[in-house]
Amino acid sequence: MNEPIRRRPARPVTVDPVTTPRSTSILGTRVSRIEDPRLVTGASVFTADLADRRLAGAAHAVFVRTPMAHATFTTIDTSVAAASPGVLAVLTAPDLGLPPAKPHFGAAMVEPYLAEGVVRYVGQAVAVVLAETEAQAVDAAELVTVDYRPLPAVVDVSEALQGKALLFPDVGTNIASAQDTAADPAFFDGCEVVVTQQIVNNRVAPAPLEGRAAAAVWLPRNSGYDGEDAAVRTPPSRSENPFGAGGSGPHAAIDDDLRLTLWLPNQGAQTVKKDVVDAFGIDADRVHVITPDVGGAFGAKFGAEPDHIVIAAAARVLGRPVRWSETRSENLAVMPHGRAQYQTVTIGGMRDGRMIAYRLDVTQDAGAYPRLALETPHGTALMAPGVYAFDRCEVSTRCVLTTTTPVGAFRGAGRPEATAALERAVDLFAAEIGRDQAAVRRRNLLPRFTSPFTSLTGAVYDSGDYPEALDRVLAAADYPALRAEQASRRRRREDVQLGIGLSTYVEITGGGKENATVQVHSDGSATVFTGVSPHGQGHATAFAMIVADRLGIPVQKINLVWGDTDLVPRGGGTGGSRSLQLGGAAADGAALAVAELAKRRAGELWEVDPADLVIDNERAGVSVAGIPDRFVTFAELAAEEELSAQHLFAADGATFPFGAHVAVVDVDIATGKVRLVRLVSIDDAGTVINPMLAEGQRHGGLAQGVAQALYEEATFDEDGNPLTATFADYGIPTAADLPTFELLDMETPTPYNVLGAKGIGEAATIGSTPAVQNAVIDAVSYLGVRHIDMPLTPQRVWRAIRETE
Amino acid sequence: MIPAPFDYVRATSVAHALDVLGEHGDHAKLLAGGQSLLPMMKLRLATPEILVDIGDLGELRFVRRDGETVVIGGGARYADLVASDVIRQSVPLIARAARRVGDAQIRYRGTVGGALAHADPAGDLPAAILAMDGTIVISGPRGIRTVAAADFFVDYYTTALACDEILTEIRVPATGAEKCWYERFSERSAGWPLVAVAVAGTRIALAGMGPTPLRATAAEDVLAAGGDFAGAAELAAAGTTPVSDHRADADYRRHLARVLTHRALQRAHSR
Ligand SMILES: Cc1cc2nc3c(=O)[nH]c(=O)nc-3n(C[C@H](O)[C@H](O)[C@H](O)COP(=O)(O)OP(=O)(O)OC[C@H]3O[C@@H](n4cnc5c(N)ncnc54)[C@H](O)[C@@H]3O)c2cc1C
């Protein structure tokens, strides 16, 4: 077996030959997370915890959410609620004072901020109650009555496609977008075997630890604490706060000079700002968005949702700060769900194991309104042929609205669905021709490539070695021994059968641009301003390591600033596993620019050509090459004049992490219950900056991938009522349900950034789901089972077994 | 997740609690560990006007052996049962069941009295107490009365308790030497059982198979007539009326009852 590829791109750092050369870089080492002391001692500040003076006297918002999946209404009676104790206002759509909502993602169906005459999923907000306390708001919200006239619920996607009941009768269809390819009648010509299967990629709830929340206040511009210096200036105490407790009362005239500050947990403050500016139709400089600490997001906290806009509008209407934080049940019923694809795979090939043609048809359940689910099928389509050398690949996709929770992005957003479909197809093909799943994969994998490879769907894969990844996980799992064990259990008709599942995958991350600014301070510390947006991953540590590596400033003295549109006006946020490869590369570029600037300044100081100067990483400063005594620290230079530089990094292309997983399961044949016994994975995301952080992303990714395969599904009854709106009903696994993961390292750098890094945030989720699903089906395949949809609950597995009897 | 407004009284004794209950009738609710009541209040499925907190009453929190009977205070925590030598030695089935409830936090807060009074048909303790032929001791305005476990559970979340009564004790025969096993099935490690089977000697009780915990009488009859475990297990679901819901349908629950009964009998008697 080959050694893992561990190659770091050559770096242009100059090392002073006279002082002791640095033998090692901090990059690639297990630096402990510098953000953790705050996070684990409760010193973190989440939106619901904010004690900001600007929020003094805030009203508490509680949404009135419809219990109907689909209904029209003419009257919302808010009178009793409005008169109940502590209530300041009850707002419905016309009260918000917002311009009409705009279409998104090119769909003709428009989502209102609060329902206007019709509700389209259980949980949609029809009104918002604003009260002195949260409890008063909750009490009053129960008193709002709406004269609903029920319409048929549309839960089933095939019914939605038929369009007998329309969510938007004016539009004339439930299909929000489609990319249908005319099926080529000769597509499978020449194939000896063609297998087809319908597959449900189950709908899941992102379920971050922290739900959605927001706090909003409109303050006069130049009031002293809304501007760039907001973070440093201390506003007056509550009693003298002219914008706090008293306010200007409900329905105060909207002052053009007011500026919004909106706090919310999110993956990208700058994207939220754009959404808010669009919604209100005001100048961009009138909106300031801050994301405090964020307790998980998984793709579901990107951009402003209608609820966030309503909170901002309510603060303006009320003339008073407003805060809101949702309950767990609201979170499970209203935060956009993920996945929810209905797929048909058809795969053709030869009896000798060669796969030739692959057709994928996807109907995306988008839920009630066009959200990010309108984008995810594009990712599915792009990644459809995955790691295999097909001759032909054909994909059709469409997004259809149903009267259910809107569907958005969730960890992988489109790519896991592609891999899940394909890896099932490969196993179905292998089963049909009676060949081993590993052998069929090995035979069809694209060979190792070092210069970009263009796939059948036009994706340009940057670098990859898929056979190596598969060979290594098979060896680590001892695949032949597992197959022998399986054979022996089958022979002995044991109660608990063994299943072995494989997946090999490639996915797409990053691409595009990101900016960073590095500023060194006169006390020797540094601040990195980034346009990406951590919410658990460990950016503060990784970015500090990158800057420390360039400048020699200790990691502990490097502070990361993100998620404040006044401090970081531009940025793409964190999503699609883009942070390190784009934001990290930008930070690296900014650190290098600071080094260059420092050399220029030192050159001016000493009247030396900057080309004769070198960066001294040991002492965090600049010296003259060969004359280590001629030295000035960055801190000293910063004391003279601001020492800061910005860098905009634009990647040459997206990167394509890949990997291979082996899952081993026990299946109790009598009950259908699955126990995951082993999960062996390679998730190659290029050069690893901090193995501990990368492993953290892989652990979480594996767990969520397993969860989709075995446990989680957000479901609705036929009337559209959510059945999984508490954690008692929505079954997330705990550590006790998961084995110790067996992680193998493999690093194939990308040529597209100086770090060599691809994205690791979603990779393990993408690989693990199909490996586990395939393992369970493999365990019972000897009984004639070919496919079981996820989640592979005991009842489903048992039923599949029973149907073969 | 904010409950509707309510008043709160911390009871200083069982007698005090009974007084307050007597005064407020069905507007009052006892609060013990809060592990069932508080979630229901937060979802506003329960809206009591006054809570009478008996969670701290030492007089309800005990486990003792009284001759051939084990007496468990209504305020004993699951964790108390798991840690109790008396329970482990004299009624090991109850220790086995208590150990499997929820997670550690639930076991440190939740009480035996609360579990029985709440009477979730899929609860762990109710089935175990039923298999042990336990007796429930109830204090009320008219004094103390006892109800056999078989008569205590009336319907979904409904028991023989009146709204002005307190479950003070559970009495179970000390049958330490008797073969027993608690076979519990849930999809994940933390989670309510879908179905569970408690076996003590030839008595078999089922959780999750109908509106109350149930005795698998048809299966017990097979054993009494000298039938084998497989034959008994075949009839374990006879006469049961499990629900169909998003976790599983009735068919699967019946199947589980048969499989788990067979396993519980085998495990109990192979030890
Ligand atoms: C996350 C979670 C997981 C759980 N998992 C399981 C599980 O796996 N298996 C299981 O069996 N249970 C489970 N439970 C429920 C748990 O067992 C509860 O603690 C128990 O059902 C109620 O006990 P309590 O003391 O908390 O009662 P409380 O919640 O305080 O009260 C419950 C009801 O009983 C009444 N009551 C309480 N004490 C008395 C008394 N002495 N006399 C008369 N009435 C009384 C109350 O008025 C109330 O109506 C779980 C609970 C949670 C929150």
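Calculation notes
- The numbering scheme is per chain: residues are counted from 1 as the chain's sequence reads.
- All chains are assigned letters beginning with A, and all ligands numbers beginning with 1, in the order in which they are written.
- Side-chain atom pairs in this predicted model are given and counted only at pLDDT of 80 or more, local residue features only at pLDDT of at least 70, and totals for whole chains, interfaces and linings cover all residues.
- Processing note: side-chain calculations cover all non-hydrogen atoms of the structure and skip hydrogens and water entirely.
- Working rule for contacts: check all heavy atoms of both residues, and any pair within 4.5 Å makes them a contact.
- Summed over both partners, the accessible surface that disappears when two parts come together, traced with a 1.4 Å probe, is what is meant by buried area.
- Think of a salt bridge as a Lys or Arg side-chain nitrogen and an Asp or Glu carboxyl oxygen that are within 4 Å of each other.
- Counted as a polar contact is a pair of N or O atoms within 3.5 Å, where, for protein atoms, one must be capable of donating a hydrogen and the other of accepting one, and residues adjacent in sequence contribute only when both atoms are in side chains.
- Under the scheme used here, helices are H or I runs from DSSP no shorter than 4 residues and strands are E runs no shorter than 2 residues, and both carry numbers assigned from the N terminus.
- Residues are grouped as follows: Ala, Val, Leu, Ile, Met, Phe, Trp, Tyr, Cys and Pro are nonpolar; Asp, Glu, Lys and Arg are charged; all remaining types, including Gly, are polar.
- For helices, the fitted line uses only the C-alpha atoms of the stretch in contact; every axis is such a line through C-alpha atoms, and the angle between N-to-C directions lies from 0 to 180 degrees.
- Each angle is binned into one of four classes, with values under 35 degrees roughly parallel, values over 145 roughly antiparallel, values of 65 to 115 roughly perpendicular, and all other values oblique.
- Note that the domain bounds reflect an automated or database-derived domain assignment.
- Buried residues are those whose accessible area, probed at 1.4 Å on protein chains only, stays under 20% of the maximum for their type, while exposed residues exceed 50% and partly exposed ones sit between those limits.
- Pairing between two strands is assigned when DSSP locates at least 2 bridges connecting them.

Trainee: What exactly am I supposed to notice about the interface of chain B and chain A here?
Mentor: It is common to report an interface's size as the accessible area lost on association of the parts. Chain B puts 21 residues into the contact, and the matching count from chain A is 30 residues. Around 2,100 Å² of area is buried between chain B and chain A when both sides are counted, 55% of it from carbon and sulfur atoms. Three residues stand out in chain B for area buried against chain A, namely Arg188, His246 and Tyr252 of chain B, and they jointly supply 30% of the buried area on that side. Counting across the chain B and chain A interface gives 5 salt bridges. A salt bridge links Arg263 of chain B to Asp668 of chain A; the shortest N-O distance between them is 2.7 Å. Here chain B and chain A share 13 residue pairs in polar contact (both at pLDDT 80 or more) between them. For the side of chain B that touches chain A, the leading source of residues is helix α12 (residues 250-269) of chain B, giving 6 residues. Split by residue class, the side of chain B that touches chain A holds 10 nonpolar, 4 polar and 7 charged.

Trainee: Just checking my understanding: could you explain the packing of helix α5 (residues 92-99) of chain B against helix α8 (residues 124-131) of chain B for this structure?
Mentor: Relative placement of two packed helices is described by the angle separating their axes and the distance separating the axes. All names here are of chain B. At a minimum axis distance of 9 Å, the contact between α5 and α8 shows a crossing angle of 170°. With respect to each other, α5 and α8 are oriented roughly antiparallel. For the pair formed by α5 and α8, the contact residues are Leu93, Ile94, Ala97 and Ala98 on the first element and Asp124, Leu125, Ala128, Ile129 and Ala131 on the second. When its residues are assigned to classes, the contact of α5 with α8 shows 8 nonpolar, no polar and 1 charged.

Trainee: How should the domain arrangement of chain A be read in this particular structure?
Mentor: All names here are of chain A. Taken domain by domain, chain A holds domain 1 (51-151 + 213-325), domain 2 (341-510 + 654-804) and domain 3 (512-650). The C-alpha-based centres of domain 2 and domain 3 are spaced at 39 Å. Each partner contributes to the interface: domain 2 provides 18 residues, whereas domain 3 provides 18 residues. Carbon and sulfur atoms make up 63% of the area that domain 2 and domain 3 hide from each other, which totals about 1,300 Å². Between the two partners, domain 2 and domain 3, sit 5 residue pairs in polar contact (both at pLDDT 80 or more).

Trainee: Please explain the pattern of salt bridges as it appears in this structure.
Mentor: Pairing of side chains with opposite charge becomes possible as their charged atoms draw close. The full count for this structure, using the stated rule, is 65 salt bridges over all chains. Between Glu142 of chain A and Arg44 of chain B there is a salt bridge, with its nearest N and O atoms 3.1 Å apart. Residue Glu142 of chain A is found in the loop between α3 (134-141) and β7 (145-146), and its partner Arg44 of chain B is found in the loop between α2 (37-42) and β3 (50-53); the two belong to separate chains. Here Asp257 of chain A ties to Arg221 of chain A by a salt bridge, and the two come within 3.6 Å at their closest N and O atoms. Remark: Arg221 of chain A occurs in the loop between β11 (213-220) and β12 (258-263) and Asp257 of chain A occurs in the loop between β11 and β12; sequence separation between them is 36 residues. Judged by relative accessible area, which is 23%, Arg221 of chain A ranks as partly exposed. What you see here is one network of salt bridges that share partners, running through Arg65, Glu111, Arg212, Glu305, Asp307, Glu326, Glu330 and Arg371 of chain A.

Trainee: Would you mind going over the domain arrangement of chain B with me for this structure?
Mentor: As far as domains go, chain B holds domain 1 (7-53), domain 2 (58-173) and domain 3 (180-268). Centre-to-centre separation of domain 1 of chain B and domain 3 of chain B, based on C-alpha positions: 34 Å.

Trainee: Would you mind going over the sheet that holds strand β22 (residues 526-530) of chain A with me for this structure?
Mentor: Pairing between the strands of a sheet comes from backbone hydrogen bonds, and it takes one of two forms, parallel or antiparallel. All names here are of chain A. An order of β23-β22-β21-β27 is seen for the 4 strands of this open sheet, with the pairing classed as mixed. The open sheet is flanked by β23 (558-561) and β27 (643-650), the only strands paired with a single partner. Taken pair by pair, the neighbouring strands of this sheet meet at an average axis angle of 20°, ignoring direction. When β22 meets β23, the two strands line up parallel, connected through 4 bridges.

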